[in-house]
Amino acid sequence: EPEVTQTPSHQVTQMGQEVILRCVPISNHLYFYWYRQILGQKVEFLVSFYNNEISEKSEIFDDQFSVERPDGSNFTLKIRSTKLEDSAMYFCASRGLGTDTQYFGPGTRLTVL
Amino acid sequence: AQSVTQLDSQVPVFEEAPVELRCNYSSSVSVYLFWYVQYPNQGLQLLLKYLSGSTLVKGINGFEAEFNKSQTSFHLRKPSVHISDTAEYFCAVRALTGGGNKLTFGTGTQLKVEL
């Protein structure tokens, strides 16, 4: 069964450093999402992406964040200058055209020291 | 905007007992409703969803949920749990109109099945 994959599973970085989290969505899906879950809190929407542009973003998704689909398979989330409060589990999700179900990856745990 | 409330942060239950995980939502527009499960060290897996039609929906692993529009609830139930059901369960909603495609999640309920 096709699945969303994410790399790395864990990332530790120093405050102020740039990180790139990678996702490979399900191959025929066209809608892509990033969510995050700070430890002990709810899963929060960050951004949705369709047709090579952001379709919606939350107030969390400020200028420090960017997303890109650099090729036909990867979908990346970049945090330009990480802060301590960016420490969280980041989930990628994808959805096919004409469907309502988002399929989630296993997540990347980001720890900012 | 939408919001989801899962009042129970943890639910301990003995194996083979029934369980209900509660979910209430708030929205000014109609919504789709979802339950996701997260097993330890894994991603979110869809359990079931309500889009329209019958208010009782059945999902994987013997779970079912009932949509109650008047009570704005979508409680998850299983008549007999197994130790392997130990996981975190998330209720989520998506607006049909005006809210984009994003999912709004509750805070999750940790189901712990004991022998």
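Structure's up top.
Here's what I pulled together on the structure shown here. Keep in mind that what you see is a predicted model, and the values were worked out from it rather than measured.

Glancing now at the overall build of chain B. Along its length, chain B carries zero helices and 12 strands. Starting at the N terminus and walking to the C terminus, you meet the elements of chain B as β-β-β-β-β-β-β-β-β-β-β-β. Over its C-alpha atoms chain B spans a radius of gyration of 14 Å, differing by no more than 12% from the 13 Å that the globule rule assigns to 115 residues. Dimensions of chain B, computed from C-alpha atoms along their principal axes, come out at roughly 45 × 30 × 20 Å. Per-residue burial for chain B yields a buried fraction of 47% across its 115 residues. Total accessible area on chain B is roughly 5,500 Å²; 49% of this is exposed by carbon and sulfur atoms. Taking the average place of the 9 positive charges on the side chains of chain B and the average place of its 9 negative ones, the gap between the two points comes to 12 Å.

A word on the interface of chain A and chain B. Listed per partner, the contact involves 16 residues of chain A and 21 residues of chain B. Surface buried jointly by chain A and chain B totals about 1,600 Å² across both partners, of which 52% is contributed by carbon and sulfur atoms. Connecting chain A to chain B are two salt bridges. Measuring nitrogen to oxygen at the nearest pair gives 2.9 Å for the salt bridge that ties Asp100 of chain A to Arg94 of chain B. The interface formed by chain A and chain B includes six residue pairs in polar contact (both at pLDDT 80 or more). Listed by contribution, the elements that provide at least two residues to the side of chain A that touches chain B are strand E4 (31–37), strand E5 (43–50) and strand E9 (88–95) of chain A. In terms of residue class, the side of chain A that touches chain B is built from eight nonpolar, four polar and four charged.

Here we come to the packing of aromatic side chains. Summed over all chains, the structure comprises 18 aromatic pairs over all chains. Grouping aromatic residues by their ring pairs yields a cluster made of Tyr33, Tyr35, Phe45, Phe91 and Phe104 of chain A together with Phe34, Tyr36, Phe90 and Phe105 of chain B. One residue, Arg95 of chain A, lies across the ring of Tyr31 of chain A, its end atom 4.0 Å from the ring centre.

Residue and element names in this part refer to chain B. Inspection of the secondary structure puts Lys78 in strand E9 (residues 73–78). For Lys78, a relative accessible area of 11% gives the class buried. One polar contact links Lys78 to Asp85, side chain to side chain, over a distance of 2.8 Å. Leave out the neighbours within four places in its chain, and Lys78 touches Ala17, Pro18, Val19, Asn61, Gly62, Phe63 and Asp85.

All names here are of chain A. Counted under the stated rule, the structure contains two disulfides over all chains. Disulfide pairing places Cys23 opposite Cys92 at an S-S distance of 1.9 Å. Taking the torsion about the sulfur-sulfur bond, which here is approximately -65°, the covalent link between Cys23 and Cys92 counts as left-handed. Linking Cys23 in strand E3 (residues 19–24) with Cys92 in strand E9, this pair joins segments that are 69 residues apart in sequence. Pair check on accessibility: Cys23 and Cys92 agree, each one buried.

This paragraph deals with the sheet that holds E3 of chain A. What holds strands together in a sheet is hydrogen bonding between their backbones, with the strands either parallel or antiparallel. All names here are of chain A. Reading across the sheet, the four strands line up as E1-E3-E8-E7 and stay open at both edges, with antiparallel pairing between neighbours. At either end of the open sheet lies a strand with only one pairing partner, and these are strand E1 (5–7) and strand E7 (65–68). Ignoring strand direction, the axes of neighbouring strands in this sheet form an average angle of 20°. Alignment of E3 against strand E8 (residues 75–79), held across five bridges, turns out to be antiparallel. Within the sheet, the bridge partner assigned to Leu21 lies in E8 and is Leu77.

With that settled, the discussion passes to the pairing of E8 of chain A. Residues and elements named next belong to chain A. Across the five residues of E8, four count as buried, placing the element largely inside the fold. Across four bridges, E7 lies against E8 in antiparallel orientation. Its bridge partner lying in E8, Val67 is registered against Leu77. Counting the residues that bridge the hairpin from E7 to E8 gives six residues.

Cut-offs used in this document
Residues numbered from 1 in each chain as written. Chains lettered and ligands numbered in written order. Predicted model: local features only at pLDDT ≥ 70, side-chain atom pairs only at ≥ 80, totals over all residues. Heavy atoms only, no water. Helix = DSSP H or I, 4+ residues; strand = E, 2+ residues; numbered from the N terminus. Rg over C-alpha atoms; globule rule 2.2 N^0.38 Å. Buried < 20%, exposed > 50% of the residue type's maximum accessible area, 1.4 Å probe, protein only. Areas by Shrake-Rupley, 256 points an atom, 1.4 Å probe, with all protein chains shown as cover. Lys, Arg positive; Asp, Glu negative; His and termini not counted. Charge placed at Lys NZ, Arg CZ, Asp CG, Glu CD. Contact = heavy atoms within 4.5 Å. Buried area = accessible area lost by both parts, 1.4 Å probe. Salt bridge = Lys/Arg side-chain N within 4 Å of Asp/Glu carboxyl O. Polar contact = N/O pair within 3.5 Å; in protein donor to acceptor, adjacent residues only side chain to side chain. Nonpolar A, V, L, I, M, F, W, Y, C, P; charged D, E, K, R; others polar. Phe/Tyr/Trp six-rings, centres within 6.5 Å; stacked < 30°, edge-to-face > 60°. Lys NZ or Arg CZ within 6 Å of the ring centre and 35° of its normal. Disulfide = S-S within 2.5 Å. Pairing = 2+ DSSP bridges. Axes fitted to C-alpha atoms, helices over the stretch in contact; angles between N-to-C directions.

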